[in-house]
Each structure stands twice: as C-alpha cells, then as structure tokens.
Amino acid sequence: MPTPAEENYLKAIFKLSGELRRSVSTNDLAEELNSKASSVTDMLKKLHDKKWVKYQPYQGAVLSRKGHLIAANVVRKHRLWEVFLVETLNFKWDEIHDIAEQLEHIVDEKLFHRLDEFLGFPEVDPHGDPIPKADGSIKHHKNKTLYDILPGESAELVGLKEHQPEFLQYLDGISLRPGAIVHLSKRFSYDQSVVISINGGAELMLSQHVTRMLLVRRTKP
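First, a word on scope: everything that follows refers to the structure included in this document. Bear in mind the structure is a predicted one, so any value in this text is a computation, not a measurement.

## Re the sheet that holds strand 6 (residues 194-198)
So, point 1. Read from one edge to the other, the open sheet built from 6 strands follows the order 3-8-4-5-6-7, with strand pairing classed as antiparallel. Strands with a single pairing partner mark the edges of an open sheet, and in this sheet they are strand 3 (144-145) and strand 7 (203-206).
So, point 2. In this sheet, strand 7 lies alongside strand 6 in antiparallel orientation, the contact comprising 4 bridges. Residue pairing in the sheet places Ile196 in a bridge with Leu204 of strand 7.

Right under this line is the structure:
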C-alpha cells in the first residue's frame, strides 16, 4: 500500500508523462513537486524497488503497469471529489483543488464506487479534465488550444492547461467555463492577442498566454 507521499510522486509522473507515457526527468519532477532533485532521486529509487516505476539515473522514470494503475486511481479519486465538492457542496471551482488533494488519499474503494454512482458516472471534472476509469484507462485530451484557432472559426472550451485559483477566478470574471462556445473574430500580429465572443455575447480581448491555456474543440460552422 503506497503512502500519501508515494502516491503524490506517482501522480506527478502520471501527469508529466502524458498520453504517450514518456520518461519523466528528475528535474521536471522536482519542479512539479517543489522538491530538491536529490530528494526526488531517493524517492524514485524506492518506487523502483517496489516495482511501481522503472527508473534509470540520467534517463528519468516511467510508471510500471502497477504504478500507472495506482496513479490513475489517485487522479480518479481527486477528480471525483472535485465534482462532488462543486455539484453537491456548492464549492467554487477555484476552491476545490487543495481539499481534493487531502481526500484523494482515502483508501476505501467501496466509497469511490458509491461516489461515482452517486454523481452519475461523470466523465470530466469541473475543470474539464477527464476522469480515469476504475481500470486505470483514461481518455486524454486530444484537443487544440484556442491559440490554434483561426479568425472566423468557433470552438467549444473543453479543458484547461492551468488550474491556479487566480486563473480560474479570471475565467469566472469573463463567464468562460468548459462547454462555452468561443468565436474568434480577430488576431493581432503584434502580440498574438485575439478578439473573441463567448456564447454570442459581447466581444473581448484575450492575451496569447490565456489562449495557450484553453483547450478547445473546433465546432462546425
């Protein structure tokens, strides 16, 4: 049974490795976990000994099949709790991450089967992130960012690459949530900022940084 600290490492590797399950470097893990590279190396050796990761010095680490299942299960718990906190307890989407970080380490699997059923088997969390299945499978985003959308095109917001509370509060301020339809009418060559409208509303401007953080799916004209 992994400790919460071990689960956090496995979850971080899961996040950084992406759909292709790429090897994750010690430095990238240290940055993700706000830890020292030496501490990360020590933990990777422990996880390797437990056969949850395959680690080679200077080449990074990848999750083993068992490690992937553990990590996906932690992510599943986290995102189910986020849905529960928003839909049932009326938390705001910028308030839920730290609470879900604590709740994700609860072990009782029966609880999470009941929670999933109670919520109606949601496929995504409030931020649009896909929720892994109980078997560890996950449907990763294969969407473009709003930065990739051309003037005259429309797209549905399906997810976010940034979850910082300040960013979520900013999106709330312009009424931009997953499911919204964004029409891009103009792009400025000077700084790549864009003019958009949301669900047919008034036009507003977004910076290049913001457009790169918004995952979208093109909609038909």
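Now, onward.
## Observations concerning unusual backbone geometry
So, point 1. Although it is not a glycine, Lys51 adopts a positive phi angle of roughly 65°.
So, point 2. Its location among the elements puts Lys51 in the loop between helix 3 (37-49) and strand 1 (53-56).
So, point 3. Its identity is not glycine, yet Asn199 carries a phi of approximately 55°, on the positive side.
So, point 4. Assignment of secondary structure puts Asn199 in the loop between strand 6 and strand 7.

## Notes on the nonpolar core
So, point 1. Grouped together as the largest cluster of nonpolar side chains are 22 residues, with contacts concentrated most on Leu146, Leu160, Leu171, Leu176, Ile196, Leu206 and Leu214.
So, point 2. Listing elements by their share of this core, those giving two or more residues are strand 4 (154-160), helix 7 (165-173), strand 5 (181-187), strand 6 and strand 8 (214-218).
So, point 3. If near-sequence neighbours (up to four positions away) are discounted, Leu176 is found in contact with Trp93, Leu157, Leu171, Val182, Ile198 and Leu214.

## What to know about the side chain of Glu7
So, point 1. Within the fold, Glu7 resides in helix 1 (residues 4-17).
So, point 2. A distance of 2.5 Å separates the side chain of Glu7 from the side chain of His105, its partner in a polar contact.
So, point 3. Those residues in contact with Glu7 that sit more than four places away from it in its chain are Pro2, Val74, Glu104 and His105.

## Observations concerning the packing of helix 2 (residues 26-33) against helix 3
So, point 1. Close contact between helix 2 and helix 3 brings their axes to 9 Å; oriented N to C, the two are set at 110°. Accordingly, the angle class assigned to the pair helix 2 and helix 3 is roughly perpendicular. Here helix 2 contributes Thr26, Asn27, Leu29 and Ala30 to the contact with helix 3, which in turn contributes Ala37, Val40, Thr41 and Leu44.

## Quick look at the pattern of salt bridges
So, point 1. Within this structure, the stated rule accounts for 10 salt bridges.
So, point 2. Residues Glu32 and Lys15 are paired through a salt bridge, measuring 3.0 Å at the closest nitrogen-oxygen approach. Pair noted here: Glu32 is in helix 2 and Lys15 is in helix 1, with a separation of 17 residues, a long-range link.
So, point 3. Here Lys15 falls in the exposed class, since its relative accessible area comes to 56%.
So, point 4. Note that Arg79 is salt-bridged to Asp125, the shortest N-O span being 4.0 Å. Separated by 46 residues along the polypeptide, Arg79 in helix 4 (residues 65-87) and Asp125 in the loop between helix 6 (109-118) and strand 3 bring together distant segments of the chain. Just as Arg79 is buried, Asp125 falls in that class too.
So, point 5. Each member of the salt-bridge network shares a partner with another, and the members are Lys11, Glu101 and Glu104.

Conventions we followed
- Residues numbered from 1 in each chain as written.
- Predicted model: local features only at pLDDT ≥ 70, side-chain atom pairs only at ≥ 80, totals over all residues.
- Heavy atoms only, no water.
- Pairing = 2+ DSSP bridges.
- Helix = DSSP H or I, 4+ residues; strand = E, 2+ residues; numbered from the N terminus.
- Core = buried A, V, L, I, M, F, W, Y, C linked by side-chain atoms within 4.5 Å.
- Buried < 20%, exposed > 50% of the residue type's maximum accessible area, 1.4 Å probe, protein only.
- Contact = heavy atoms within 4.5 Å.
- Polar contact = N/O pair within 3.5 Å; in protein donor to acceptor, adjacent residues only side chain to side chain.
- Axes fitted to C-alpha atoms, helices over the stretch in contact; angles between N-to-C directions.
- Parallel < 35°, antiparallel > 145°, perpendicular 65-115°, else oblique.
- Salt bridge = Lys/Arg side-chain N within 4 Å of Asp/Glu carboxyl O.

None of the figures reported here should be taken as evidence of function without further support.
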